[in-house]
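Examining the three-dimensional arrangement
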Amino acid sequence: MVLVLNIFSLLLIVALGFYVFISDPRSRANQTFAGFNIFLAGWTIKDIMLWEFGSELHGLHWWLATSFCFGLLMQYSLAVFAWVFPENQRTPRVKAAVLFSPGLVLMPAAISGFLWNRDISTSSIPDFKLDPLAYLFAAYIAIISIYGVAIIMSKWRQYRGSATGRQIGAVLAGIVITIVLQVAAVSSDRKSTRLNSSH
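A brief look at the structure comes next. (Residues numbered from 1 in each chain as written. Predicted model: local features only at pLDDT ≥ 70, side-chain atom pairs only at ≥ 80, totals over all residues. Heavy atoms only, no water.)

A word on the overall build of the chain
The criterion, for reference: The helix and strand labels rest on DSSP assignments: H or I over at least four residues marks a helix, E over at least two residues marks a strand, and numbering proceeds from the N terminus. To sort residues, take the accessible area from a 1.4 Å probe on protein chains only and compare it with the maximum for the residue type: under 20% means buried, over 50% means exposed, and anything in between is partly exposed. Throughout, a contact is declared for two residues whenever any of their heavy atoms are within 4.5 Å.
Helix and strand content of the chain: seven helices and zero strands. Helices (α) and strands (β) of the chain occur, in sequence order from the N terminus, as α-α-α-α-α-α-α. Residue burial in the chain is summarised as follows: out of 199 residues, 40% are buried. Relative to all contacts within the chain whose residues are 6 or more apart in sequence, the contacts with residues 24 or more apart total 71%.

Describing the environment of Lys155
So the rule is basically this: Polar contacts here mean pairs of N or O atoms no more than 3.5 Å apart (in protein, one a potential hydrogen donor and the other a potential acceptor; neighbouring residues in sequence count only if both atoms are side-chain atoms).
With respect to the helices, strands and loops of the structure, Lys155 is situated in helix H6 (residues 132-159). Considered as a pair, Lys155 and Gly165 are 10 residues apart in the sequence and their alpha carbons are 7.8 Å apart. Other than its neighbours up to four places away in sequence, Lys155 contacts Ala82, Trp83, Val84, Phe85, Pro86, Glu87 and Ile168. Within the local environment of Lys155, its side chain forms a polar contact with the backbone oxygen of Ala82, the two atoms lying 2.7 Å apart. Here the side chain of Lys155 touches Trp83 through a polar contact of 3.1 Å, landing on its backbone oxygen.

Some details on the nonpolar core
This is how the line gets drawn: By nonpolar core is meant a set of buried Ala, Val, Leu, Ile, Met, Phe, Trp, Tyr and Cys residues that side-chain atoms within 4.5 Å join together.
Judged by nonpolar contacts, the single largest core of 40 residues is most densely connected at Trp83, Phe100, Leu115, Phe137 and Ile152. Mapped by element, the contributors of at least two residues to this core are helix H2 (28-53), helix H3 (61-84), helix H4 (93-100), helix H5 (103-111), H6 and helix H7 (163-198). If one sorts the elements of this core by residue count, H3 sits on top with 14 residues. Sequence-distant contacts of Phe137, defined by excluding residues within four places in its chain, comprise Phe68, Leu72, Leu106, Met107, Ala110 and Leu115.

Examining the side chain of Thr32
Its location among the elements puts Thr32 in helix H2. Thr32 gets classed as buried once you look at its relative accessible area, which sits at 13%. There is a polar contact of 2.8 Å between the side chain of Thr32 and the backbone oxygen of Arg28. When near neighbours in sequence (up to four residues on either side) are disregarded, Thr32 contacts Ser77, Val80, Phe81 and Val84.

Considerations on the environment of Trp156
Note that Trp156 resides in helix H6. Along the chain, Trp156 and Ile168 lie 12 residues apart, while their C-alpha atoms are 5.6 Å from each other. Setting aside chain neighbours within four positions, we find Trp156 in contact with Gly165, Ile168, Gly169 and Leu172.

Focus on H6
To keep it simple, the criterion reads: Take the residue count of a helix, subtract one, and multiply by 1.5 Å to get its expected span.
Across its 28 residues, H6 extends 41 Å between first and last C-alpha, which sits within 8% of the 40 Å expected from 1.5 Å per residue. Ala134, Phe137, Tyr140, Ile141, Ile144, Gly148, Ile151, Ile152 and Lys155 are the residues of H6 that are buried. After H6 finishes, the residue Gly161 shows a positive phi value of roughly 95°.

A word on H4
As a reminder, the rule being used: In this description, the arc belongs to the directions extending from the helix axis to the C-beta atoms.
Along H4, the residues that are buried comprise Ala96, Leu99 and Phe100. One side of H4 carries all its buried residues, which in axial view fall inside an arc of 85°. Seen from the open side of H4, the exposed residues pointing more than 90 degrees away from its buried face are Val94 and Val98. Lining the buried residues of H4 we find H3, H5 and H6.

With respect to a nonpolar patch on the surface
So the rule is basically this: Patches here are clusters of residues that have more than 30% relative accessible area and form no salt bridge, with a 9 Å joining cutoff for like charges and a 5 Å cutoff for nonpolar side chains (Val, Leu, Ile, Met, Phe, Trp, Tyr). Here the open area of atoms and residues is found with the Shrake-Rupley method and a 1.4 Å probe, where only the protein chains shown may cover a residue. Whenever a carboxyl oxygen of Asp or Glu lies within 4 Å of a side-chain nitrogen of Lys or Arg, that contact is scored as a salt bridge.
Taken together, the side chains of Phe18, Phe21 and Ile22 define a hydrophobic patch exposed on the protein surface, amounting to about 300 Å² of accessible area. Its place among the elements puts Ile22 in helix H1 (residues 2-23).

Right, here's the structure in full:
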């Protein structure tokens, strides 16, 4: 069930990103949306690799690092998308530099394994202890996500009742569907993990 859900999500993500990009490749909003879908596809692929090939892979360091990094990159794409859509505006460079600068520290920390207990390097089941820095990273991801959604909702209220407003509403619906699919996948993953650890 986990594999089917992940593969379905992956195919949907790739198809949607490709469709949006080819509709207008020069649009900043379309480029950013396609970038978001690439990161989301990467997120899904690393889950498939873990749950289907975990026993052949060495440790969970790679999975945790990519989870944190892809999670942050997706929210960066969401924030940029919120800035440029639907007016096709340029990204505010100073605001982006300030908002994204913590990632210059947090992502290398994740890649270097400073966010969790080092003992997971010999485990194939995600049973590990996160360090306080990991919770700070997760909070930062949530802040970026809330910030992006807040901008999109503000623009939806501004354009509500127009064709542009309907487009923004569709984007909000897509964000909700994405969140639901990811939560469902994570819930299924945890259930499978508990079953595997009980045997």
